[in-house]
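# Notes for the structure review
Listed below are the residues making up each chain.
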Amino acid sequence: MWDDAFPSFLIGLREGLEAGLIVSILVATLVRAGAKSRLPQVWTGVLAAIALAMSFGAVLTFTAASLSATAQEAFGGTLSVIAVAFVTAMVFWMRRSARSLSGEIKEKVTGALAMGAGMLVVTSFLAVGREGLETALFLWTTARAAGESAGPMIGAGIGLVIAAGLCWGLYRRVLKINLTKFFTATGVVLIVIAAGVLGYGLRDLQEGGVLPGKAAFAFDLSQTIDPNAWYTTLVQGVFNLMPAMTWLQIGAYVAYLVIVMTLFVRGVRSAAKPAPAPRPATEKAAADKPVEEKPVEAKAADEAVVEKADAAQGTAAEAGAAEDGSAGGGAPESESAVEPAEAPAGAGRKRPGWLLPVAVVAVPAVVAGGIVAFGKSKPAGAPTIAVSEKECGKGFTAPKPGRQTFQMQNTGDKTSEVYLVDPSTNAVYGEIEGLAPGTTRDLVATIAGGSYAWRCVPTGGKAVTSAAVRVSGGGGAKAVVPVAEEDLAGPLRAYKQYVDRGLATLTDQTQKLSDDLAGGDLDGARTDWLTAHRTYSSLGAAYGTFEDFDKKINGRADGLPGGVHDKDFSGFHRIEYGLWHGASADELSGPAQQLHDAVVGLRKAFPTQDFDPGDLPLRTHEILENTLQFELTGDTDQGSGTNLATADANLTGTRELLDVLRPLIAKREPQLLASIESDIARMQKLLDDAHHDGTWTPVEKLDATARQRLNGITGQLLEHLAPVPDLLEIRKSA
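Residues numbered from 1 in each chain as written. Predicted model: local features only at pLDDT ≥ 70, side-chain atom pairs only at ≥ 80, totals over all residues. Heavy atoms only, no water.

A few words on the overall build of the protein chain. Each helix and strand counted, the protein chain has 24 helices and 12 strands in total. Out of the 734 residues belonging to the protein chain, those deemed buried represent 46%. For the protein chain, the share of sequence-separated contacts (at least 6 apart) that also reach a separation of at least 24 residues comes to 76%. Here the protein chain displays about 34600 Å² of accessible surface, and carbon together with sulfur accounts for 59% of that area. (Helix = DSSP H or I, 4+ residues; strand = E, 2+ residues; numbered from the N terminus. Buried < 20%, exposed > 50% of the residue type's maximum accessible area, 1.4 Å probe, protein only. Contact = heavy atoms within 4.5 Å. Areas by Shrake-Rupley, 256 points an atom, 1.4 Å probe, with all protein chains shown as cover.)

What tends to happen in soluble globular proteins is that the nonpolar side chains get buried as a cluster. Judged by nonpolar contacts, the single largest core of 66 residues is most densely connected at L517 and L644. Apart from residues lying up to four places away in sequence, L644 is in contact with L632, L687, A690, W696, T697, V699, L702 and L710. Within the second largest apolar cluster, 31 residues are counted, among which are I191, L202, Y256 and V260. (Core = buried A, V, L, I, M, F, W, Y, C linked by side-chain atoms within 4.5 Å.)

It is worth spelling out the confidence of the model for the protein chain at this point. Per-residue pLDDT for the protein chain averages 75, and the proportion of residues at 70 or more is 70%. Within the model, pLDDT remains below 50 along residues 280-351, and this stretch shows 85 contacts once partners closer than five positions in the same chain are excluded. Here residues 371-380 is modelled with pLDDT under 50, and outside its nearest four sequence neighbours on either side it reaches 16 contacts, counting other chains as well. (pLDDT = per-residue confidence, 0-100.)

This part is about the packing of aromatic side chains. Here the structure, examined in full by the defined rule, presents 9 aromatic pairs. On the basis of an interplanar angle of 75° and a centroid distance of 6.2 Å, the ring pair of F396 and F406 is categorised as edge-to-face. A residue pair is termed long-range when its members are at least 10 positions apart, and F396 in the loop between β3 (384-387) and β4 (402-410) and F406 in strand β4 qualify at 10 residues. An identical accessibility class is assigned to F396 and F406; each is buried. Plain terms: the ring middles of W529 and W580 are 5.5 Å apart, the flat faces sit at 70° to each other, and that makes the pair edge-to-face. Taken together, the residues W529 in helix α15 (residues 522-537) and W580 in the loop between α18 (572-579) and α19 (585-605) connect sequence positions 51 residues apart. Judged by its relative accessible area of 0%, W529 falls in the buried class. (Phe/Tyr/Trp six-rings, centres within 6.5 Å; stacked < 30°, edge-to-face > 60°.)

Look at helix α21 (residues 643-668): 35 Å from first C-alpha to last across 26 residues, which is about the 38 Å you get at 1.5 Å a residue. Approximately 65° is the largest bend angle found in α21, and it occurs at L661, with the proline P663 only one to four residues beyond. (Expected span 1.5 Å × (residues − 1). Bend = angle between axes of the 7 residues up to and from the residue.)

Pairing is mixed in the open sheet, where 3 strands are placed in the order β3-β4-β7. Strand pairing shows two members of the sheet lacking a second neighbour, β3 and β7 (440-447), which therefore form its edges. This sheet shows a mean twist of 35° between the axes of neighbouring strands, independent of strand direction. Examined bridge by bridge, β4 and β7 share 8 bridges and lie antiparallel to one another. Note that in β7 the partner of R403 across the bridge is T446. (Pairing = 2+ DSSP bridges. Axes fitted to C-alpha atoms, helices over the stretch in contact; angles between N-to-C directions.)

Looking at the secondary structure, you find R707 in helix α23 (residues 704-721). Separated by 21 residues in sequence, R707 and L686 have C-alpha atoms that sit 9.3 Å apart. Once you skip the residues sitting within four places of it in the chain, R707 turns out to touch L632, T633, V699, E700 and L702.

With that settled, the discussion passes to helix α20 (residues 615-631). Three- or four-residue spacings in an α-helix give side chains the same orientation, since the helix completes a turn every 3.6 residues. The end-to-end C-alpha separation of α20 is 22 Å, in line with the 24 Å expected for 17 residues at 1.5 Å each. Along its length, α20 shows its largest kink, about 25°, at H621. Counting buried residues in α20 gives 15 out of 17 residues, a clear majority hidden from the surface.

Right, let's talk about the state of the cysteines for a bit. Under the defined criterion, the tally for this structure stands at 1 disulfide. The side chain of C392 participates in a disulfide bridge whose partner is C456; the two sulfur atoms lie 2.0 Å from each other. Classification of the bridge connecting C392 and C456 rests on its S-S torsion, roughly 80°, and on that basis the disulfide is right-handed. Of the two residues, C392 is situated in the loop between β3 and β4 and C456 in strand β8 (residues 450-458); the sequence distance between them amounts to 64 residues. Classification of C392 by relative accessible area gives buried; the value is 8%. (Disulfide = S-S within 2.5 Å.)

So, in structure tokens, the structure goes:
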């Protein structure tokens, strides 16, 4: 939660301080002008801006919840990109305007005083409203990225409270802060955070089908790092960097960071250069343009805090210290300018003083409430369903047919899995994983005619199922027949036998490769290398259990200090590089023997290694995901030009997995299985077309049309394989 809180804390602190400084300058200007009676108008505008920001957040939440899952991704991604644009504009604006902020606002207030009460309300509303809308949008975006609202809201709240305290201290001249340095430092951090939000938003747009490249991953570290480790959580929460990111995400992240940070830092350096001293013309000109006696940063801080005029002569503090509202300097002139505007207000019928503040604050709230109340669905008024070991489903009544939102609140003391099920078949209509104690999350499900109940499975506890309710009418609702761990026991057993047979074959093949090199037969070694490598690649689904053996057998040079010449570069790719780059048989005999020893060690260790049954469905997608990322880009080619042969072996491994899982998939989604099989046949045909007389066409030598077709069908196959892990996910029942 706390890692998710940091970005929101920073935005709350910075935006809160900006808004607080603006309010301080507004108040001080009125007090200095002898118009303290106008202060309620300022506070009316400020409260209206706050109400607008909160209503904007409510509308965003409602709108997202009422959309389909794909539309939610597109909607959230679009708003994330907009939020990045706002934050970027904000940091540049504050860097540029910090020095002149006080003067600009005082000029607007002076004009508003002359135009009457309404304009003063509008001035304060507009001055604070922009900060409020930016804050609401960015907080909504970060909460959505975090997948929960508690952390971001707590972070924002702490930031706003600290900002309020700082503004009070500056206002009373208890504190002095170099605001230029403060906004510069926070601007740098916000640019880094915004780069992550941009990457996250683009990924949402890819998931929503708005942008291409959903399966074109630049890297995927999900198998090599612990997603639950503190450092992983910290990086994801603060920077929105994920273990797997697409090329579009990485490109946008780097481009945004380099361009925006360069412009920002360059602007800071330009602003830090001392301005040329003003050339005095007359005494009046010199008075109008005072010579700086302090550094620019200190002057900016003093101006932003509100200038105190004539304090040494005992005049009233412009921050409102004097009770009678008197002001030094030009107070009488300001007062005379104010009086005509106030006189007409009392000339006619008397208007209650509370009417304008209440009306202005209520309008945005009423508008937002109307949008929510008369929308297609009503998340804000969604029923709250209790989740605990004793109260699973408390508050649940028969819902209406159609798309419904349920607020699931964990009132117990254990994290729980929550399922909306058909109690007669145990089919699952919706679920929430890992609902933590004291938290509330929305569960959206399509309701049709049938029987419904809630099932809560606390961590370490027994499943609790609520009383069933009956719904009449409505169309069909799609439900997933749950998969238990024992359902995957048979497929897992069959697949382990397949891997064990493959390792036995691989052991013989690597021994033959080693013998070739020991006998100086380089041509035979090239042929036997490809045979052995294809066998190993067809076992790709088991790499999660191969642990360190995979690095020894099929490790790549990426990330090694010496690259392909590094002493730790070993396995198939080390031998490939040597065989196709002129290495002698003697030079490769040692690496070949090491490869064989690693394969023998893997074969011996495999029967004792743990294999999570839930990994089987996951591997159906991951094998070809890696194929698209590495083999079809030519990334793993070390000279043999046989990446398409490896892709063919990966397809064989995927087909084997689907064969053992076929009964489970067919029972739940027969149409999906038909689409997958059609895609596999098309991909196999394209790979066969690249295989002639025992040789494979290198990826880079494919003509543009053939390469586009191969990438396209692989991407389409991945789209059809993507639902399989969710379809066959093990759902807890006890």
